[in-house]
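The lines below spell out each chain.
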Amino acid sequence: MEDLGTAAWPPEPIRTERLVLRQPETRDRAAFIELLASPEVHTYLGGPRARDELERETPEVPERWPGSFVVDLDGSMIGQILLRRATGHRRPAAAGKADLGYLFLPRAWGCGYAAEACAAALGWLAGALPGEPVVLTTQTANVGSMRLAAKLGFTEVERFEAWGAEQWLGMRSPVTPSS
């Protein structure tokens, strides 16, 4: 995965009704470790990383690179949105396109935060890179992620087997202004 190229980074914080999408900061380190060490978060992502390993290896300001948004609720990180270029994607339909990923702490599940934050990030991307299609890959067993993909306007391109499970690849076509 690579950054989004011509998109100016970092953008000003993106504000929604309840959330702020912003760059990672030092104060987010503990939340990133919690996110990456969570067995619940990584049920469909190959399992969590060891907390002691994360404590040693996580930099003071984690995940600070173009396309990485912290999802902030009332001054605290509850998740991360990732927008990267899928240059090395296994599926030809996804290669080279913008790729959306998201991780949320379990305490933030079921509140609509993921849909709100992903919609805001996709809105930013549509302004920064007009006409850019976006792909999303998730396990078909991840019912919540499948529901979110549909809510965000992703449609199935294909299903494939990888990492010992059936995967779903969806694409969201670029939003075009009405004539």
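Residues numbered from 1 in each chain as written. Predicted model: local features only at pLDDT ≥ 70, side-chain atom pairs only at ≥ 80, totals over all residues. Heavy atoms only, no water.

Draft legend 1. Molecular detail of the environment of Arg107. Assignment of secondary structure puts Arg107 in the loop between β5 (98-104) and α3 (113-128). Residue Arg107 is classed as exposed on the basis of its relative accessible area of 53%. Apart from residues no more than four positions distant in its own chain, Arg107 is found in contact with Glu34 and Met77. Looking at Arg107, its side chain comes within polar contact range of the side chain of Glu34, at 2.9 Å. (Helix = DSSP H or I, 4+ residues; strand = E, 2+ residues; numbered from the N terminus. Buried < 20%, exposed > 50% of the residue type's maximum accessible area, 1.4 Å probe, protein only. Contact = heavy atoms within 4.5 Å. Polar contact = N/O pair within 3.5 Å; in protein donor to acceptor, adjacent residues only side chain to side chain.)

Draft legend 2. Quick look at the packing of aromatic side chains. Per the counting criterion, the structure on display carries three aromatic pairs. Aromatic side chains Phe69 and Trp124 sit 5.5 Å apart centroid to centroid with 80 degrees between the ring planes, which places their arrangement in the edge-to-face category. Note that Phe69 is positioned in strand β3 (residues 68-73) and Trp124 in helix α3, a separation of 55 residues in sequence. The class for Phe69 is buried, based on a relative accessible area of 1%. Aromatic ring contacts, followed pair by pair, group Trp9, Phe69 and Trp124 into a single cluster. (Phe/Tyr/Trp six-rings, centres within 6.5 Å; stacked < 30°, edge-to-face > 60°.)

Draft legend 3. Focus on the environment of Glu40. Considering the arrangement of structural elements, one finds Glu40 in the loop between α1 (29-37) and α2 (51-57). Ignoring sequence-local partners within four residues, the contact set of Glu40 consists of Pro106 and Trp109. A polar atom in the side chain of Glu40 sits 3.1 Å from the side chain of Ser38.

Draft legend 4. Focus on the side chain of Glu158. You can see Glu158 is positioned in strand β7 (residues 155-162). Side-chain polar atoms of Glu158 contact the side chain of Arg91, separated by 2.8 Å. Residues contacting Glu158, with those up to four places away along its chain left out, are Arg91, Ala93, Gln167, Trp168 and Leu169.

Draft legend 5. Quick peek at α3. If you check α3, its first and last C-alpha atoms are 22 Å apart, about what 16 residues at 1.5 Å a residue would give, namely 22 Å. Regarding α3, the residues found buried are Tyr113, Ala115, Glu116, Ala117, Cys118, Ala120, Ala121, Leu122, Trp124 and Leu125. (Expected span 1.5 Å × (residues − 1).)

Draft legend 6. Structural detail: the pattern of salt bridges. Applying the stated criterion to the full structure yields 15 salt bridges. Ionic pairing is found between Arg22 and Asp28, a salt bridge with its closest N-O pair at 2.8 Å. Here the two residues Arg22 and Asp28 agree in accessibility, since each one is buried. Note that Arg91 and Glu158 form a salt bridge whose closest N and O atoms lie 2.8 Å from each other. On the criterion of sequence distance, the pair formed by Arg91 in the loop between β4 (76-85) and β5 and Glu158 in strand β7 is long-range, its members being 67 residues apart. For Arg91, a relative accessible area of 24% translates into the label partly exposed. (Salt bridge = Lys/Arg side-chain N within 4 Å of Asp/Glu carboxyl O.)

Draft legend 7. Geometry of unusual backbone geometry. Phi at Glu63 is positive, roughly 55 degrees, even though this residue is not glycine. Take Glu63: it is sitting in the loop between α2 and β3. Notably, Asp74 is not glycine yet its phi reads approximately 55 degrees, a positive angle. Judged by its relative accessible area of 73%, Asp74 falls in the exposed class.

Draft legend 8. Structural detail: the environment of Gly164. Its place among the elements puts Gly164 in the loop between β7 and β8 (165-172). In this structure Gly164 comes out as exposed when scored by relative accessible area, which is 75%. Distance in space between the C-alpha atoms of Gly164 and Phe104 is 23 Å, their sequence separation being 60 residues.

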